[in-house]
Amino acid sequence: MARAGTGTNQEAVRRHNLGTVLRYVHRTGSTSRASLTSQMALNRSTIGGLAATLEDLGLVRRSTPVASRAGAGRPSAGLEVVSRRAYVLAIDVGVDRVVVGRVGLGCDVEVRARVNLPPEPAPEHVAETIVGLVAAVRADASPESTLVGVGISVPGVVREADGMVVFAPNLGWHEVPFAALVRERLGLTVDHVIANDADLGARAEHVRGAGVAVDHLVYVSGDVGVGAGVITDGRPLGGAGGFAGEIGHMSFAPNGLRCHCGSRGCWETQVGAVAIARAIGAPADVVPTLDAVLDDFDGPPESLHEIAHHVGHGLANVINMLNPQVVVLGGYLASLHRLVEPEILAAVRSGVMSAAGGQVLVTRPTLGADTVLVGAAEAAFESLLADPAGVLSR
Ligand SMILES: [Zn+2]
């Protein structure tokens, strides 16, 4: 029995190591066996065996040998990801539109499709819309490419464990079992994962964007409302129920405007899309597309200075609380940052403790408009990266 147990453990370790090698190649696109050997603290022959198994599964292939960093010694055998071998469906539900992407291994966004949504759309309507978009993006998928997961982003409070959208105020959703609804309509047997848009944005920028090699990052999303995804010590910060990061509802002006959450004077009432549209004299119906409005904005920048001050002041609170190295402003906040970066930074500097704020970089997403889509794809690839051989043999 002991021997059987050991064998089972060895098999589990091997599966885990296989996933770790694939994760590394997935993240980097290409690497060398020498680099894997040093990263994983395994010997060359073990790495060679794992790489050969991944080659047999069609997930990686050999590439041009890579010269060692020092320039000395033999070039090491290269490995690169085979993007078309496996793909996921990444679904980004926004307040005014849905985007579905077919995303190949290595997070190559091969094709995307988008449909606008009516105000406060019914969950069933959104699920039906997704079915149509999925059919469109799968239509020309290679027959050798295996679907391995579905990742869904929603702008709201999400309980990832059972796929429940607890509260998405800007969609008008309360307690919607949205992951189950999408799974039922799509009729696909792969894993479906769902998460909050800002959490997925943080994940994407951490793995592939402005926060690569950064262990402490805050991604602040602006999509009508304001939320944050937090990476601390290299891991997502969830909180007791997984709901951490609702920074749009920090109390900012206790006697201020009523917020849709029921409270008064939340940060979102001062820096949300409604407040910005009001500040620049834009009609209320542009609120869902405020990023595009700001990208074309040619009015006086002074009309945005008070908003910039509120944004910077709120960010200073976040920086004092979490001590990040990088703060990434996504959605319409990226567009705002492009217009009034000096004013935002001045307000950040005036509000941060020097110890917490001395080194912080406030920037825009490197992945641009794809940030949340890529985050949803990363979440959907998780089961393949945990057990490549197991998932492909299902
Ligand atoms: Zn609120």
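Heads up: the structure comes first, above all this text.
Our subject in this report is the structure included herewith. No experiment lies behind these values; they were computed from the predicted model shown.

### Some details on the packing of helix 2 (residues 33–40) against helix 3 (residues 44–56)
- The contact between helix 2 and helix 3 brings their axes to 10 Å, and the two run at 115°. As for how helix 2 packs across helix 3, the hand of that crossing is right-handed. In this structure, helix 2 contributes Arg33, Leu36, Thr37 and Met40 to the contact, and helix 3 contributes Arg44, Ile47, Gly48, Ala51 and Glu55.
- Residues of the contact of helix 2 with helix 3, tallied by class, amount to four nonpolar, two polar and three charged.

### Quick word on the side chain of Arg102
- Note that Arg102 resides in strand 5 (residues 97–104).
- At 2.8 Å, the side chain of Arg102 forms a polar contact with the side chain of Glu110.
- Only 2.7 Å separates the side chain of Arg102 from the side chain of Asp140, close enough to count as a polar contact.
- Residues within four places of Arg102 in sequence aside, it is in contact with Tyr87, Val88, Asp108, Val109, Glu110, Val111, Val137, Asp140 and Ala141.

### A look at the coordination of the zinc ion
- Within the first shell, the zinc ion binds the protein through His249 (ND1), Cys259 (SG), Cys261 (SG) and Cys266 (SG), at distances of 2.0 to 2.3 Å.
- Ordering the donors of the zinc ion by residue number gives the pattern H-x9-C-x1-C-x4-C. One end of the pair, His249, is in the loop between strand 14 (235–236) and helix 7 (267–271); the other, Cys266, is in the loop between strand 14 and helix 7, and 17 residues separate them in sequence.
- The exposure class of Cys266 is buried, given its relative accessible area of 2%.

### Points about the environment of Arg364
- Structurally, Arg364 can be placed in the loop between strand 16 (361–363) and helix 13 (371–386).
- Along the primary structure Arg364 and Val158 are separated by 206 residues, whereas in three dimensions their C-alpha atoms are 25 Å apart.
- In this structure, Arg364 is in contact with Ala210, Val328, Leu329, Ala334, His337, Arg338 and Glu341, ignoring residues within four places of it in sequence.
- At 3.0 Å, the side chain of Arg364 and the side chain of His337 are in polar contact.

### A look at helix 6 (residues 197–208)
- In a regular helix each residue adds 1.5 Å, so twelve residues correspond to 16 Å; helix 6 covers 16 Å between its end C-alpha atoms and thus fits that length.
- Of all the residues in helix 6, the buried ones are Asp197, Ala198, Leu200, Gly201, Ala202, Ala204, Glu205, His206 and Val207.

### Remarks on the packing of aromatic side chains
- Going through the model one piece at a time under the given rule, you end up with one aromatic pair.
- Measuring from ring centre to ring centre gives 4.9 Å for Trp173 and Phe178, while their planes differ by 45°; the resulting arrangement is tilted.
- Looking at Phe178, the relative accessible area reads 0%, which means it is buried.

### Observations regarding the nonpolar core
- In this structure, Val220, Leu315, Val327 and Leu336 are the most contacted members of the largest nonpolar core, which totals 42 residues.
- Contributing elements (two or more residues each) for this core: strand 12 (217–223), strand 13 (225–232), helix 7, helix 8 (273–279), helix 9 (290–295), helix 10 (305–322), strand 15 (326–329) and helix 11 (332–351).
- Core analysis: the next-biggest nonpolar cluster, separate from the first, contains 37 residues, Val21, Leu50, Leu200 and Leu385 among them.

### Focus on the pairing of strand 5
- Most of strand 5 sits out of view: eight of its eight residues are buried.
- Note: strand 4 (residues 86–93) against strand 5, seven bridges, orientation antiparallel. The residue bridging Val88 from the neighbouring strand is Val103, located in strand 5.
- The pairing of strand 5 with strand 6 (residues 108–116) spans eight bridges and is classified as antiparallel. Within the sheet, the bridge partner assigned to Val103 lies in strand 6 and is Val109.

Thresholds applied
Residues numbered from 1 in each chain as written. Predicted model: local features only at pLDDT ≥ 70, side-chain atom pairs only at ≥ 80, totals over all residues. Heavy atoms only, no water. Axes fitted to C-alpha atoms, helices over the stretch in contact; angles between N-to-C directions. Helix = DSSP H or I, 4+ residues; strand = E, 2+ residues; numbered from the N terminus. Left-handed = near helix turned anticlockwise from the far one by under 90°. Contact = heavy atoms within 4.5 Å. Nonpolar A, V, L, I, M, F, W, Y, C, P; charged D, E, K, R; others polar. Polar contact = N/O pair within 3.5 Å; in protein donor to acceptor, adjacent residues only side chain to side chain. Donors = N, O, S within 2.8 Å, 3.2 Å for Na, K, Ca; no water. Buried < 20%, exposed > 50% of the residue type's maximum accessible area, 1.4 Å probe, protein only. Expected span 1.5 Å × (residues − 1). Phe/Tyr/Trp six-rings, centres within 6.5 Å; stacked < 30°, edge-to-face > 60°. Core = buried A, V, L, I, M, F, W, Y, C linked by side-chain atoms within 4.5 Å. Pairing = 2+ DSSP bridges.

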